[in-house]
Amino acid sequence: MPGMDNSSPAAVAGTAAHEALELALKSGKLITESLADFPEMVEVASAALHEVEERSIGAKLVASEVQLAPFPGIPEVWGTADAVIVRERELEVIDLKTGIGIIEADAPQLKIYSLLAREAFGSRPDGVVTTIVQPAARHDDGPVRSYRYSNPDLDDFAMELRRRVVVTQRPDAPRVAGGHCKFCKAAPTCEALKAHVFAGFHVVTPAEQAEDAELAELLDSAEPVTGWAKAVKDEALRRALDGHSIPGWKLVRRRGRRVWADEEAAVNTLMRAGLSPTDLFEPTVLRSPAQVENMLRYSDSRKTLRSLVEMRPGEIALVRENEPGEPVSRVRPGATFDGVRVVVEDDL
Ligand code: SF4
């Protein structure tokens, strides 16, 4: 499979969270300042740190940011686990997921990590537990989910993996398009993805006039289109910046914005001119409960925090029927599409 694209804003924020977690696991404290540009990641990294620490109690060994060497005979299959915990009877692989798209603990990636961890740390009688920590996703089983692979499961999987890798190395290896394509650098030029994207567009009715079932089909088709269109635009921009001429398109510089040439000098000069700090600075913003909780993690005052915090209802989302989350009520009677359900908060 061609290379993965790790340059999206979500990927950059995810990388920052993983780096913060790695440092925190080494130092025992999350440095929230390192996530100043990604405040939403403080809670995510903090939850992962807490989980690894809890699960490490009594363990023989805890390793963080573990470079798992390629599987013997398959150099393409390797990985980096956020943490591996070695216990007497089992190994546990812990992986932080920063996105909202649900990843289950028995996902293929974690299954592969289980195999690699077993190679690296040695087999244990009770096999390998995989644990996903995914605070941002709404899952019926909560933000932390685990799955256990027995050793026979992993032996069978190793054989299957070898067989599949041999197939992917053939020049005529089949390309199977799907949700995973959004990470693929070959997406803009991949015929399999293009065919997948347009396969659903036989429905020509304008959306407002579509039957519910047609609308559901359009929703199914629209998801890959969005990712594919972005991949095409990103590729065109990359080529244009490399000097290619894209017919009908041009590079322009967006309007710039004014910034202080020297902030300290500006403040001094403007205060001498009669402006006060209140005039010059934005009001201080209270940090989020997660950020404050992390600061108080070793303090008794942490208990006080609970009485100061309330849970506000989340935003309304339209999700697939097979995705986790309780339907709370419908906006209007009959607003149910085939395979898709409208989810709204009770109190609306
Ligand atoms: S099918 Fe998807 S993942 Fe495979 S090469 Fe095409 S775009 Fe990439």
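Quantities reported herein were computed from a predicted structural model and do not represent experimental measurements.

Chemist: For this particular structure, what's the right way to read the overall build of the chain?
Modeler: Summing up its helical and strand segments, the chain has 10 helices and eight strands in all. Taken across its 348 residues, the chain has 19% of its residues classed as buried. Sequence-distant contacts in the chain: of pairs separated by 6 or more residues, those separated by 24 or more amount to 59%.

Chemist: Before we go on, may I ask you to explain helix H7 (residues 263–272) in this structure?
Modeler: Every α-helix winds through 3.6 residues per turn, so residues three or four apart in the chain are directed the same way. The buried fraction of H7 is low, at zero of 10 residues. Count one or two residues on from H7 and you reach Gly274, which has phi positive near 110°.

Chemist: Explanation requested: the sheet that holds strand S3 (residues 91–96) in the structure shown.
Modeler: Pairing between the strands of a sheet is mediated by backbone hydrogen bonds and can be parallel or antiparallel. Ordered in space as S1-S2-S3-S4-S5, the five strands form an open sheet in which the pairing is mixed. Edge strands, defined here as strands with exactly one partner in the open sheet, are strand S1 (61–68) and strand S5 (144–149). Taken over all neighbouring pairs, the strand axes of this sheet differ in orientation by 25° on average, direction set aside. Against the sheet, helix H1 (residues 9–27) touches S1, strand S2 (79–86) and S3, its axis set at about 145° to S1.

Chemist: Please clarify how the site of the ligand should be interpreted in this entry.
Modeler: In the neighbourhood of the ligand, 13 residues make up the surrounding shell, with Arg175, Cys181, Cys184, Cys190 and Leu193 lying closest. Looking at the shell around the ligand, its residues break down into 11 nonpolar, one polar and one charged.

Chemist: Looking at this model, I keep getting lost on the packing of helix H3 (residues 108–121) against helix H4 (residues 151–168). Mind explaining?
Modeler: The angle between the axes and the distance between the axes are what describe a pair of packed helices. Two numbers describe how H3 lies on H4: the axes approach to 10 Å, and their chain directions differ by 105°. Relative to H4, the element H3 lies roughly perpendicular. Facing H3, whose interface residues are Lys111, Ser114, Leu115 and Arg118, H4 presents Leu154, Phe157 and Ala158. Across the contact of H3 with H4, the residue classes tally to four nonpolar, one polar and two charged.

Chemist: Can you walk me through the pairing of S3 in this structure?
Modeler: Taken residue by residue, a regular strand's side chains alternate between the two faces of the sheet. The element S3 is largely enclosed, with a buried count of six among its six residues. Going residue by residue along S3, you find Leu91, Val93 and Asp95 tucked away on one face and Glu92, Ile94 and Leu96 tucked away on the opposite face as well. Pairing of S2 with S3, which is carried by four bridges, proceeds in the antiparallel orientation. Note on S3: the bridge partner recorded for Val86 is Leu91. Considered for its hand, the β-α-β crossover made up of S3, H3 and strand S4 (residues 128–133) is right-handed.

Chemist: Hey, could you run me through the confidence of the model for the chain in this one?
Modeler: Segments scoring low in pLDDT should not have their predicted coordinates read at a detailed level. Across the chain, the average pLDDT comes to 83, with 89% of residues at or above 70. This model gives residues 1–5 a pLDDT under 50, and the stretch forms 11 contacts once residues within four places in sequence are excluded. Low pLDDT, under 50, characterises residues 342–348; the predicted model gives this stretch 23 contacts beyond four residues in sequence or across chains.

Chemist: When you look at the nonpolar core in this model, what are you seeing that I'm missing?
Modeler: Across soluble globular proteins, nonpolar side chains show a tendency to be buried alongside one another. Grouped together as the largest cluster of nonpolar side chains are 39 residues, with contacts concentrated most on Ala17, Leu21, Ala45, Ala48, Val93 and Ala117. Mapped by element, the contributors of at least two residues to this core are H1, helix H2 (40–56), S1, S2, S3, H3 and S4. It is H2 that provides the largest number of residues to this core, a total of eight residues. The residues contacting Val93, other than those within four sequence positions of it, are Ala81, Val84, Leu110, Tyr113, Ser114, Ala117, Val128 and Thr130.

Chemist: When you look at unusual backbone geometry in this model, what are you seeing that I'm missing?
Modeler: With the exception of glycine, most residues fall at negative phi, and the peptide bonds are largely trans. Of note, Glu65 is a non-glycine position whose phi angle comes to about 45°, a positive value. For Glu65, the location among the structural elements is in strand S1. With 16 C-beta atoms counted inside 10 Å, the residue Glu65 sits in the partly exposed group.

Chemist: Please explain the environment of Ala105 as it appears in this structure.
Modeler: Relative to the elements of secondary structure, Ala105 occurs in the loop between S3 and H3. A residue is classified by how many C-beta atoms lie within 10 Å of it, and Ala105, with 20 of them, is buried. Here the alpha-carbon distance between Ala105 and Val129, two residues 24 residues apart in the chain, equals 8.9 Å. If near-sequence neighbours (up to four positions away) are discounted, Ala105 is found in contact with Leu110, Thr130, Thr131, Ile132, Arg145, Ser146 and Tyr147.

Chemist: What's the story with the packing of helix H5 (residues 191–199) against helix H6 (residues 212–241) in this structure? I'm lost.
Modeler: Where H5 meets H6, the closest approach of the two axes is 8 Å, and the angle between their N-to-C directions is 140°. Between H5 and H6, the interaxial angle falls into the category oblique. At the point where H5 passes H6, the crossing takes the left-handed sense. On H6, the residues that touch Leu193, His196 and Val197 of H5 are Pro224, Val225 and Trp228. The residue makeup of the contact of H5 with H6, split by class, is five nonpolar, one polar and no charged.

Rules and cut-offs
Throughout this description, residue numbers start from 1 for each chain and increase along the sequence as written. In view of the model being predicted, local features appear only for residues whose pLDDT reaches at least 70, and side-chain atom pairs are presented and counted only at 80 or more, with totals across whole chains, interfaces and linings using the full set of residues. For helices the rule is a DSSP run of H or I covering at least 4 residues; for strands it is a run of E covering at least 2, with both sets numbered from the N terminus onward. Burial is judged by counting the other C-beta atoms within 10 Å of a residue's own C-beta: 20 or more makes it buried, 12 or fewer makes it exposed, and any count in between marks it as partly exposed, with every C-beta position built from the backbone. In this description, a residue-residue contact is defined by the distance between C-beta atoms placed from the backbone, which must lie within 7 Å. Any two strands are treated as partners once DSSP identifies two or more bridges connecting them. For helices, the fitted axis covers only the stretch in contact; all axes are lines through C-alpha atoms, and the angles between them, taken along N-to-C directions, range from 0 to 180 degrees. As used in this record, a residue near a molecule or strand is one whose C-beta atom, placed from the backbone, is within 6 Å of it. Each residue receives one of three labels: charged for Asp, Glu, Lys and Arg, nonpolar for Ala, Val, Leu, Ile, Met, Phe, Trp, Tyr, Cys and Pro, and polar for the others, Gly being one of them. Note on angle classes: values under 35 degrees are labelled roughly parallel, values over 145 roughly antiparallel, values of 65 to 115 roughly perpendicular, and the remainder oblique. Assignment of crossover handedness uses the view with strands pointing away from the viewer, where a clockwise path from the first strand over the helix to the second indicates a right-handed crossover. The quantity known as pLDDT measures the predictor's confidence residue by residue, on a range of 0 to 100. The nonpolar core is taken to be a set of buried Ala, Val, Leu, Ile, Met, Phe, Trp, Tyr and Cys residues joined by way of C-beta atoms within 7 Å. Two helices that cross are described as forming a left-handed crossing if the nearer one is turned anticlockwise from the farther one by less than a right angle, and a right-handed crossing if clockwise.

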